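Residue strings, one per chain:
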Amino acid sequence: MLKIRNGRDFVGGAAMIVVSLLFIAFGRELDVGNSFQMGPGYFPVMLSLLLIGIGVLIIVQSLVVAVRDEPDAPANWKASILVILAPVFFGLALSRLGLAPTMFLMVGGVSCASRYAGWRHSIALALFMAISSVVLFTRLLSLPVSAFGPWIPFLSN
Amino acid sequence: MDILSDLLLGAATAFQPMNLLYGFIGCLLGTAIGVLPGLGPTATIAMLLPITFGLQPESALIMLAGIFYGAQYGGSTTAILINLPGESSSVVTAIDGYQMARRGRAGAALATAALGSFFAGSVATVLLVIAAPPLAAVALKFGPAEYFSLMVLGLVASVALASGSLLKAFAMIIFGLLLGSVGTDVESGMPRYIFSIPELYDGLNFVAVSMGIFGICEILRNLENEHERSVGVKKVSGLMLTHDDFRRIRGPILRGTTLGSFLGVLPGGGAMLSSFAAYALEKRISPNRAEFGKGAIEAVAAPESANNAGAQTSFIPMLTLGIPGNPVMALMVGAMIIQGITPGPNVISEEPDLFWGMIVSMWSGNLMLVILNLPLIGLWVRMLTIPYHLLFPAIIGFCCIGAYSINNSVFDVFIMAGFSVIGFTLSKLRFEPAPLLLGFILGPMLEENLRRAMLISQGDPTIFVRSPLSLSLLIVALIVLGMVLSPSISRKRDEAFTE
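Not measured: the values here are computed from a predicted model.

Rules used throughout
Residues numbered from 1 in each chain as written. Chains lettered and ligands numbered in written order. Predicted model: local features only at pLDDT ≥ 70, side-chain atom pairs only at ≥ 80, totals over all residues. Heavy atoms only, no water. 1 Å grid on protein atoms, 1.4 Å probe; cavity = no way out; pocket = protein on both sides within 12 Å on 5 of 7 lines; lining within 4 Å. Points joined across faces, edges and corners; volume = space filled by probe spheres on them. Helix = DSSP H or I, 4+ residues; strand = E, 2+ residues; numbered from the N terminus. Nonpolar A, V, L, I, M, F, W, Y, C, P; charged D, E, K, R; others polar. Phe/Tyr/Trp six-rings, centres within 6.5 Å; stacked < 30°, edge-to-face > 60°. Buried < 20%, exposed > 50% of the residue type's maximum accessible area, 1.4 Å probe, protein only. Lys NZ or Arg CZ within 6 Å of the ring centre and 35° of its normal. Contact = heavy atoms within 4.5 Å. Buried area = accessible area lost by both parts, 1.4 Å probe. Salt bridge = Lys/Arg side-chain N within 4 Å of Asp/Glu carboxyl O. Polar contact = N/O pair within 3.5 Å; in protein donor to acceptor, adjacent residues only side chain to side chain. Axes fitted to C-alpha atoms, helices over the stretch in contact; angles between N-to-C directions. Parallel < 35°, antiparallel > 145°, perpendicular 65-115°, else oblique. Left-handed = near helix turned anticlockwise from the far one by under 90°.

A. Looking closely at empty space enclosed by the protein. All names here are of chain B. Counting across every chain of the model gives three cavities of 30 Å³ or more. When its volume is computed, the largest cavity comes out at roughly 90 Å³. In this structure, the largest cavity is lined by 13 residues; those nearest its centre are Tyr73, Ser117, Asn308, Asn366 and Leu369. For the lining of the largest cavity, the secondary-structure elements that each account for two or more residues are α4 (57-82), α6 (106-140), α12 (298-313) and α16 (352-384). For the lining of the largest cavity, the element with the highest residue contribution is α4, accounting for four residues. Looking at the lining of the largest cavity, its residues break down into six nonpolar, six polar and one charged. Considering only enclosed or pocket space, the second largest cavity measures out at about 70 Å³ in volume.

B. Here's a closer look at the packing of aromatic side chains. Counting across every chain of the model gives eleven aromatic pairs over all chains. Where Phe26 of chain A meets Phe195 of chain B, the ring centres are 4.9 Å apart and the plane angle is 85 degrees; that geometry is what we call edge-to-face. Separated into two different chains, Phe26 of chain A in helix α1 (residues 7-26) and Phe195 of chain B in the loop between β2 (191-192) and α9 (206-224) make up a pair that spans both. Of the residues examined, Phe26 of chain A reaches a relative accessible area of 46% and is grouped as partly exposed. An aromatic cluster of at least three residues, connected via ring pairs, comprises Phe68, Tyr69 and Phe315 of chain B. The ring of Phe431 of chain B has Lys168 of chain B lying over it, and the distance from NZ or CZ to the ring centre is 5.1 Å.

C. Structural detail: the interface of chain B and chain A. Between chain B and chain A, the contact holds 63 residues from the first and 66 residues from the second. When chain B packs against chain A, the two sides together hide about 5,600 Å² of surface, and 78% of this comes from carbon and sulfur. Between chain B and chain A we count one salt bridge in total. Measuring nitrogen to oxygen at the nearest pair gives 2.5 Å for the salt bridge that ties Asp9 of chain A to Lys168 of chain B. Remark: the boundary between chain B and chain A carries eight residue pairs in polar contact (both at pLDDT 80 or more). In terms of residue count, helix α17 (residues 388-407) of chain B provides more of the side of chain B that touches chain A than any other element does, twelve residues in total. Classifying every residue of the side of chain B that touches chain A by side-chain character gives 41 nonpolar, twelve polar and ten charged.

D. Inspection of the packing of helix α10 (residues 243-265) of chain B against α12 of chain B at higher detail. All names here are of chain B. Closest axis-to-axis distance for the α10/α12 pair is 7 Å, and the angle between their directions is 30 degrees. Our classification of the angle between α10 and α12 gives roughly parallel. When you trace α10 past α12, the crossing you get is right-handed. Contact residues: Arg248, Ile249, Pro252, Ile253, Gly256, Thr257, Gly260, Ser261, Gly264 and Val265 in α10; Glu298, Ala301, Ala302, Ser305, Ala306, Ala309, Gly310 and Thr313 in α12. Among the residues making up the contact of α10 with α12, the classes are represented as eight nonpolar, eight polar and two charged.

See the structure below:
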């Protein structure tokens, strides 16, 4: 019976196969053409097939070769989710709240991802980032984004 | 003298007051961010790229080059002072540099790193001046088949030099190539993998991708096992080297520079490989080999010279062929494209002031670093003490604004967030992100040249072996591949990376 000797590689190989299948599936409308007249689908499809092959090899390897590997650090879900959501929040809020409040809320919020953050420091940092990003990016580099957006009625212009 | 007039042209660009200023700001910012633990050159450049968008192309590239050396140098400072290599190329510096610091010789270690880097940088700049024009002249004769084979060689070599599993490195290259095919197909104008999202017609933005993979992903990793960094940095004194020190570092600096200059040109090489190789070499031949690991000054001098020489000469294939050998050069290529310059052999003839200006600025940048670093070391030491929990929210903030400013669109911010998740998952599965970025950058060029070559040959794949140049490039690629696959070499490779 086959036994998975390296779980990480098994998952990794499978992930590569899934990625290639996704590329094949989403590209199935693309014309593949032939080697003389390659269509837009030729290159991605060939690469996907190649990646499937490599994925299979990685899986085979994971069944045959046992690897000593240091274990991962315990997952810190709260931190990971906060850090991933921070840019998403930034993207959603920027045009509505404006740069200053978005930056303030995002920096303040994401600093909770650290175990060592104190609320005083976090607020100070958030204020600092909000002010300096407005000065640097809207004033000095004139990025097309206003300091306060339409959701902040009294300050936006 | 041709070279002389070229250099004068370069000096005229590089020594313009504004360009000197941008170079200086670049070195300063690069050092400041590179010193911060956990931020290497790739992340630093990815983060700071957007601030150069508004500049003239020459100024932008001069500033970026400054950021690159600054970040590289900042990494050595953290390696020596707190045993925390900011990037892979200063891993070996940390071994003896930190031991020197513990014995009260931090100043000497830093001075050695600075002098070695400056010497190596100057020599490598001269090499660049000599080697670049003839290489570009050869490259101008390249047809699509030769270019395709050259890129294959570059990708294979980058796998060969990656640490970890080869299969996984190949998987990452292909994943990167696939990601590169997102966007409008150049030949037919057909949209590919766009999902009716207008922002994707130009493809995934590589700044957003690399910020996600190298910037945000690094934060995710650091927060997994966050522990209070109590930075016990003492006052740094004694920057002067003794007569004996000079005698001891002379040889290692020369050897490190030579080794680094050659390894830097190799695709996939650059700073990291150079520093490892130089350390290994010194360990074998140094008369003070017994001291290695306990604070030998040779073990700081050699890798520091080598990694700076390698960093410098890795510009050669990027500037002359348009082929990036490592992620940093990939970012540089991206920056050139954003500035409206097509990297490749034509840059020398079409943009001579940009090309030579950049080269001269490399030398002046290295000089600035020495002047900047030794007296300002106290400032960098203070920056080291900024706690991580205040650092990472600021980094995320700057990355968000940076990603937004690429196209003034929040779409790239979402792309960045998405790629931080992809990068994090890949790192959990022990896949390296560097080959992915190289594949991503080279993908469109590789496909274009493949399709053109096949069109010329009317679908006959032997075109790649009929041209002698293309054939020899492919043979070299095969040899490299064979070397990596042969077990004795791969064992050596593991040794080099575990040392």
